[in-house]
There are 2 protein chains.
Amino acid sequence: MKDVAIVGIGKTRFGAFADRDLRSLAAESVENALSDAGIGPDAVEAFYLGNFAGPSFTGQSHLAPYVSAAAGIVGVPATRYEAACASSGAAFHAAWQAVRHGIYETVAVCGVEKMTCQATPRVAEILAMAGDVAADGTFPEIFAAIARRHMELYGTTREQMAAVAVKNHANGATNPYAHLRKVITLEQALAGKVIAEPLTLFDCSLVSDGAAAVILSSRQGRVRVLGCAQTSDHVGLREKAEITHLPSIESAAKKAFAMARLTPADVDFAEVHDCFTIAEILAVEELGFCKKGDGGPWSVAQPIPINRSGGLKSKGHPVGATGVAQIADVGLQLRGEATGWQVAKADIGLAQNLGGSGATSVVTLLSR
Amino acid sequence: MKDVAIVGIGKTRFGAFADRDLRSLAAESVENALSDAGIGPDAVEAFYLGNFAGPSFTGQSHLAPYVSAAAGIVGVPATRYEAACASSGAAFHAAWQAVRHGIYETVAVCGVEKMTCQATPRVAEILAMAGDVAADGTFPEIFAAIARRHMELYGTTREQMAAVAVKNHANGATNPYAHLRKVITLEQALAGKVIAEPLTLFDCSLVSDGAAAVILSSRQGRVRVLGCAQTSDHVGLREKAEITHLPSIESAAKKAFAMARLTPADVDFAEVHDCFTIAEILAVEELGFCKKGDGGPWSVAQPIPINRSGGLKSKGHPVGATGVAQIADVGLQLRGEATGWQVAKADIGLAQNLGGSGATSVVTLLSR
């Protein structure tokens, strides 16, 4: 097996861009990544696109060749990967496997979502398709149920969840690529409009447009992929033994750590999937940063930087872009290029991407 | 690199099934394939789902774990692959690469589409998303333009296209898993309702429900995968130099033949992507069975059996299922199990799956 490096990183800003379509965002990120890698589109042997709901939001399907051709990549395998909110995590995982096992030397992975569009009024309905439509409700309702149960079992408080929002907003305010660069206070977060009890508007991530891309290579590079694991679980909430435990995250983390020969104590910082504040609290538990139930107080104490980019909460959550964007942001930190939002110690970083309420998980470990 | 075998084949009937949902069709095909392979779901190390428009047709996304869990496959990577009408061809290609390069020993690939549903009145609009929505029309319009140009350049006739329909209907009438088991005459085909001049209803494939699955393994099996290649091209018709030439098919075929160390003359029979009769005529040219422009007369002469299953025209075209269904049907022929529709000589078979108007192509060569 070969060592895999990220040799190019490209991003667009995240935001609500009335004048941008999905293809131009995705192509911009790929062109930036190619330019960062110092290679042309002809060097790309396969194109992996992560996208959740492009057809529903934009009315266009067959998006992988639609995007790759716009970036000058024509002829090679070009496929769209869909695994709900972990779509580009899944695309990255497949691409990483392919380079690691010598199928290709150089590939491009792009994640994209264009959510502000004519279909935006149906956004809750479109996002709900990532869960069991016949059995579960909207995602705020699903994560509200998880939050209530976590509060009941472990004494997690609304203040702890609000603290996650305050932290991520403060972080995102320093990231020039973040969607909502706005500092908020704990009082504001607690006084937010209730979306689904106990979650307020400030517990929920954003509806964003954006794209991110990376170039993977078996050549040497400044960012190394030490391990990457993808796992799955039932889609429906009622099929989980305990809704505050998402075993797909735990098992993906264990596999990724085993590949990298590392433990959670070795990680300097992480980008985790805070689609809701409670999801960040769950994630740090399942990843092994603290023990089960301690995610609330651990998040307040913040022993290592979590979501220094601003996370899905402030950086934004263009669903299909998120997995690759997390990895791109970890890569920028490892290169020391997170200007204005650089973490102090950046030798080993982790990215965790969640699909739906845990039916897909992807965990990736990266180092300088 | 390892030899890859198809060790299990599972299919559902194709048809319009008011009482069946996407999940039950897909799970049935996977369970049949596992049973045929003589293994349980625990033996599956990764699950590859090909599906074009499940979210648009059924309102459910995140379909890979949604389906795999129903078939008892939980925990492993489960991802949906989308490449328009070549979605399950792309899923198969990725799965084959993974087994060939030693990433996994045993994987399941499933293709599924549920097209008869509440969204069926919008079927032309949903299918059109496989092309360039902003620039091109519906698929009958796209292939009608290709047909007119092929008639103009090469003298291809309406009778030759109708003959493809007559042949595929006669073939499908003998396949118990086919959707429309109805023999038609040349006169009927020529007198069909015009959908887009010169294509009549009988030149168009069906709107179907159905699923197909195969188990791939690096262990020995009765069906060997000799080569498989996926290629891409521009999505929009106007970006093609000549609309009667689909270079993605030609290059995928050349790559697959090179891997298999075979030539078109070695192929005993093929399942090709006859979404329209003209598409079958184009396919036999691009695959190298005859020279460019001779697809019409070659199809009438039929030197080797093409679409002995009935093809998309009579067997049916549940879009996301088609790529794996073609491979499954070639596999059944190679095993001598196409009872009632067995071809006489079945040592080497080819499957060709097309996405949209050629932005994705997958060509697979199989042998006993």
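It should be emphasised that the depicted structure is a prediction, and the values quoted were computed from it without experimental measurement.

J.: Is there a simple way to think about the overall build of chain A in this case?
T.: Looking only at helices and strands, chain A has 13 helices and 11 strands in total. Its C-alpha atoms give chain A a radius of gyration of 19 Å, near enough to 21 Å, the size a compact globule of 368 residues would have. For chain A, the C-alpha atoms occupy an extent of roughly 55 × 45 × 40 Å along the three principal directions. Residues classed as buried in chain A amount to 67% of the 368 residues present. Of the contacts made within chain A by residues no fewer than 6 positions apart, 78% connect residues no fewer than 24 positions apart.

J.: When you look at helix 3 (residues 63-70) of chain B in this model, what are you seeing that I'm missing?
T.: Note that an α-helix has 3.6 residues per turn; residues three or four places apart therefore point the same way. Burial within helix 3 of chain B is extensive, with 7 of its 8 residues counted as buried. Among all positions of helix 3 of chain B, only L63, A64, P65, Y66, V67, S68 and A69 of chain B are buried.

J.: What should I look at first to understand helix 7 (residues 158-172) of chain B in this one?
T.: Residue and element names in this part refer to chain B. Under the 1.5 Å per step criterion, the end-to-end length of helix 7 is 21 Å for 15 residues, consistent within 8% with the ideal 21 Å. Of all the positions in helix 7, only Q160, M161, A162, V164, A165, V166, K167, N168, H169, N171 and G172 are classed as buried. On its buried face, helix 7 sits against helix 6 (139-154), helix 8 (186-190), strand 6 (199-200), helix 10 (277-286), helix 11 (295-301) and helix 12 (311-314).

J.: So what exactly am I meant to see when it comes to the packing of aromatic side chains here?
T.: Geometrically, a pair of aromatic rings is defined through the distance of the ring centres and the angle of the planes. Summed over the entire model, instances satisfying the criterion amount to 9 aromatic pairs over all chains. Aromatic side chains F289 of chain B and W298 of chain B sit 5.7 Å apart centroid to centroid with 5 degrees between the ring planes, which places their arrangement in the stacked category. Its relative accessible area of 13% is what places W298 of chain B among the buried residues. Positioned above the aromatic ring of F14 of chain A is the side chain of K11 of chain A, whose terminal nitrogen or guanidinium carbon lies 5.7 Å from the ring centre. Here the basic side chain of R23 of chain B rests over the ring of Y66 of chain B, its NZ or CZ set 3.7 Å away from the ring centre.

J.: Sorry, what's going on with the pattern of salt bridges here?
T.: A pair can form between side chains of opposite charge whenever their charged atoms are brought close. Residues and elements named next belong to chain B. Tallied over the full model, the rule gives 40 salt bridges over all chains. Between K167 and E280 there is a salt bridge, with its nearest N and O atoms 2.7 Å apart. In this pair, K167 is assigned in helix 7 and E280 in helix 10, connecting sequence segments 113 residues apart. Comparing K167 with E280 shows no difference in burial state: the two are buried.

J.: Mind showing me how you'd approach the relation of the copies chain A and chain B here?
T.: Think of it as a corkscrew move, a rotation about one axis and a shift along it, taking one chain copy to the other. Overlaying chain A on chain B yields an RMSD of 0.0 Å, the required transformation being a rotation through 180 degrees with an accompanying axial translation of 0.0 Å. Seen this way, the second copy is the image of the first under a two-fold rotation axis. Residue Y81 of chain A, judged by its C-alpha, is the member of chain A lying nearest the rotation axis, at 2.6 Å. Both copies contact each other with a shared surface, as 100% of the interface residues of chain A are interface residues in chain B too.

J.: Would you mind showing me how to read unusual backbone geometry here?
T.: The phi torsion of most residues other than glycine is negative, and most of the peptide bonds are trans. All names here are of chain A. Put simply, E197 and P198 share a cis peptide bond, and its omega is 5 degrees. Look at R261: it is not a glycine, yet its phi comes out positive at around 55 degrees. As for its placement among the helices and strands, R261 is situated in the loop between helix 9 (247-260) and strand 9 (269-271). Classification of R261 as exposed rests on a relative accessible area of 77%. Of note, the phi angle at Q302 is positive, near 50 degrees, even though the residue is not glycine. In this fold, Q302 is placed in the loop between helix 11 (295-301) and helix 12 (311-314).

J.: What exactly am I supposed to notice about the interface of chain A and chain B here?
T.: Interfaces are often sized by the amount of accessible area the parts lose when they come together. Residue-level contacts link 45 residues of chain A with 45 residues of chain B. For E82 of chain B, the salt bridge goes to R80 of chain A, with nearest N and O atoms at 2.9 Å. For the pair chain A and chain B, the interface holds 26 residue pairs in polar contact (both at pLDDT 80 or more). Within the residue set of the side of chain A that touches chain B, elements represented by two or more residues are helix 3 (63-70), strand 3 (78-82), helix 4 (87-100) and strand 8 (223-232) of chain A. With 5 residues, the top contributor of residues to the side of chain A that touches chain B is strand 3 of chain A. Here the side of chain A that touches chain B is composed, by residue class, of 21 nonpolar, 18 polar and 6 charged.

J.: Before we go on, may I ask you to explain empty space enclosed by the protein in this structure?
T.: Where empty space is left can be seen by rolling a probe of water-molecule size over the atoms. According to the stated counting rule, one finds 4 cavities of 30 Å³ or more in the structure shown. In this structure, the largest cavity encloses a volume near 270 Å³. For the largest cavity, the lining is made up of 30 residues, of which Y48, Y81 and A94 of chain A together with Y81 and A94 of chain B are closest to its centre. Contributing elements (two or more residues each) for the lining of the largest cavity: strand 2 (47-50), strand 3 and helix 4 of chain A together with strand 2 (47-50), strand 3 (78-82) and helix 4 (87-100) of chain B. By residue class, the composition of the lining of the largest cavity is 22 nonpolar, 8 polar and no charged. Put simply, the second largest cavity is a space of about 60 Å³. As for the second largest cavity, its lining consists of F52, A53, P55, S56, R80, I126 and M129 of chain A together with P55, S56, S61 and R80 of chain B. Residue assignment for the lining of the second largest cavity shows that the elements contributing at least two residues are helix 2 (54-58) of chain A together with helix 2 (54-58) of chain B.

J.: When you look at the layout of surface pockets in this model, what are you seeing that I'm missing?
T.: All names here are of chain A. In this structure, the largest pocket occupies an estimated 500 Å³ of space. Lining the largest pocket are 25 residues, with C204, S205, L206, V207 and F276 sitting closest to its centre. For the lining of the largest pocket, the secondary-structure elements that each account for two or more residues are helix 5 (123-128) and helix 6 (139-154). For the lining of the largest pocket, the per-class residue count stands at 18 nonpolar, 6 polar and 1 charged.

The rules behind these values
Residues numbered from 1 in each chain as written. Chains lettered and ligands numbered in written order. Predicted model: local features only at pLDDT ≥ 70, side-chain atom pairs only at ≥ 80, totals over all residues. Heavy atoms only, no water. Helix = DSSP H or I, 4+ residues; strand = E, 2+ residues; numbered from the N terminus. Rg over C-alpha atoms; globule rule 2.2 N^0.38 Å. Buried < 20%, exposed > 50% of the residue type's maximum accessible area, 1.4 Å probe, protein only. Contact = heavy atoms within 4.5 Å. Expected span 1.5 Å × (residues − 1). Phe/Tyr/Trp six-rings, centres within 6.5 Å; stacked < 30°, edge-to-face > 60°. Lys NZ or Arg CZ within 6 Å of the ring centre and 35° of its normal. Salt bridge = Lys/Arg side-chain N within 4 Å of Asp/Glu carboxyl O. Least-squares fit on C-alpha atoms with pLDDT ≥ 70 in both. Polar contact = N/O pair within 3.5 Å; in protein donor to acceptor, adjacent residues only side chain to side chain. Nonpolar A, V, L, I, M, F, W, Y, C, P; charged D, E, K, R; others polar. 1 Å grid on protein atoms, 1.4 Å probe; cavity = no way out; pocket = protein on both sides within 12 Å on 5 of 7 lines; lining within 4 Å. Points joined across faces, edges and corners; volume = space filled by probe spheres on them.

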